[in-house]
Amino acid sequence: GAGVSQSPSNKVTEKGKDVELRCDPISGHTALYWYRQRLGQGLEFLIYFQGNSAPDKSGLPSDRFSAERTGESVSTLTIQRTQQEDSAVYLCASFGQNYGYTFGSGTRLTVV
Amino acid sequence: AQSVTQLDSHVSVSEGTPVLLRCNYSSSYSPSLFWYVQHPNKGLQLLLKYTSAATLVKGINGFEAEFKKSETSFHLTKPSAHMSDAAEYFCVVSSHSNTGKLIFGQGTTLQVKP
């Protein structure tokens, strides 16, 4: 596609529920990143994919967070048993040599 | 390890006056540095990037930044602020691990007064 697409754009969930966030990167971009942005703060790195492998998961805050990627395409970030501190905007970016990093518009997650 | 520090959390200027947003970085290697802008409820937009070519980097919308190795700084400037420049600005360094992940500063909110 023309850009990085994320869905849903907004998600409100009850504490304790599981959520899945989706990222559809630019076609041909092998590198994909997930970041989290809490209110009024910068972006925190969560996980990096090269193809469908994740050589750097160092930013995942707890074992409630996991992510997977199908080939060099869609990635899903899953948060299990959501907590109020998980409320944030989750951003996905893909990287290509010609255009560098391209960010999606994010998913705003609110845990109530 | 790489890191960035944005020295001001908020900057307020009058329309038509110069903008200076300050950023210092820490890196063991020659860094790749970026400035991104985020308008309210909008996605991140790349303003400019430095990748070891010219030390004065020109970006979009009249912004530019100068890489100063001796001062480990990469300050963002614009000669004349416009109301539409009001936004959150992030200074970013690229990790020199083979992941290429970006490390963000905490952000500077730019307010432009009429």
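See above for the structure.
If you're wondering where the values come from, they're calculated on a predicted model, not measured in any experiment.

Q: Report on the sheet that holds strand 8 (residues 75-79) of chain A, specifying residues and quantitative values.
A: Residue and element names in this part refer to chain A. On the basis of which strands lie adjacent, the open sheet formed by four strands has the order 1-3-8-7 and antiparallel pairing. Either end of the sheet is taken by a strand with one partner, and the two such strands are strand 1 (5-7) and strand 7 (65-69). Within this sheet the neighbouring strands show an average axis-to-axis angle of 15°, counted without direction. As defined by bridge partners, strand 7 adjoins strand 8 across five bridges and the pair is classed as antiparallel. By the bridge assignment, Ala67 is partnered in strand 8 with Leu77.

Q: Give me the state of the cysteines: which residues, what numbers.
A: What the rule picks out here adds up to two disulfides over all chains. In this model Cys23(A) forms its disulfide with Cys92(A); the gap between the sulfur atoms is 1.9 Å. Here the disulfide of Cys23(A) and Cys92(A) is left-handed, its torsion about the S-S bond being about -65°. One end of the pair, Cys23(A), is in strand 3 (residues 19-24); the other, Cys92(A), is in strand 9 (residues 88-96), with 69 residues separating them in the sequence. A residue is classified by how much of its surface remains accessible, and Cys23(A), at 0% relative accessible area, is buried. There is a disulfide in this structure between Cys23(B) and Cys91(B), and the S-S distance comes to 2.0 Å. When the S-S torsion is -70°, as for the bridge of Cys23(B) with Cys91(B), the disulfide is left-handed. In this pair, Cys23(B) is assigned in strand 4 (residues 23-26) and Cys91(B) in strand 10 (residues 87-94), connecting sequence segments 68 residues apart. With a relative accessible area of 0%, Cys23(B) lands in the buried category.

Q: With reference to specific residues and values, describe the pairing of strand 11 (residues 107-111) of chain A.
A: All names here are of chain A. Only one face of strand 11 is buried, namely the one carrying Thr107, Leu109 and Val111, since none of Arg108 and Thr110 on the opposite face is buried. Bridging between strand 2 (residues 10-13) and strand 11 involves four bridges; their strand directions are parallel. Pairing of Asn10 across the sheet is with Arg108, part of strand 11. Where strand 9 lies against strand 11, three bridges are found, and the strand directions are antiparallel. Bridged to Tyr90 within strand 11 is Thr107.

Q: Just give me the short version of the pattern of salt bridges, but keep the residues and values in it.
A: Residues and elements named next belong to chain A. Within this structure, the stated rule accounts for eight salt bridges over all chains. Arg22 is the partner of Asp24 in a salt bridge, and the nearest nitrogen-oxygen pair spans 3.9 Å. Through salt bridges with shared partners, one network takes in Arg36, Arg38 and Glu44.

Q: How would you sum up the pairing of strand 5 (residues 43-50) of chain A? Please name residues and give values.
A: Residue and element names in this part refer to chain A. For strand 5, the buried fraction is high: six of the eight residues fall into the buried class. When strand 4 (residues 31-37) meets strand 5, the two strands line up antiparallel, connected through seven bridges. Residue Gln37 lies in a different strand from strand 5, and its bridge partner there is Leu43. Linkage of strand 4 to strand 5, two consecutive antiparallel strands, is achieved through a turn of five residues, within which Gly40 is found at a positive phi near 75°. As defined by bridge partners, strand 5 adjoins strand 6 (residues 53-56) across two bridges and the pair is classed as antiparallel.

About the cut-offs
- Residues numbered from 1 in each chain as written.
- Chains lettered and ligands numbered in written order.
- Predicted model: local features only at pLDDT ≥ 70, side-chain atom pairs only at ≥ 80, totals over all residues.
- Heavy atoms only, no water.
- Pairing = 2+ DSSP bridges.
- Helix = DSSP H or I, 4+ residues; strand = E, 2+ residues; numbered from the N terminus.
- Axes fitted to C-alpha atoms, helices over the stretch in contact; angles between N-to-C directions.
- Disulfide = S-S within 2.5 Å.
- Buried < 20%, exposed > 50% of the residue type's maximum accessible area, 1.4 Å probe, protein only.
- Salt bridge = Lys/Arg side-chain N within 4 Å of Asp/Glu carboxyl O.

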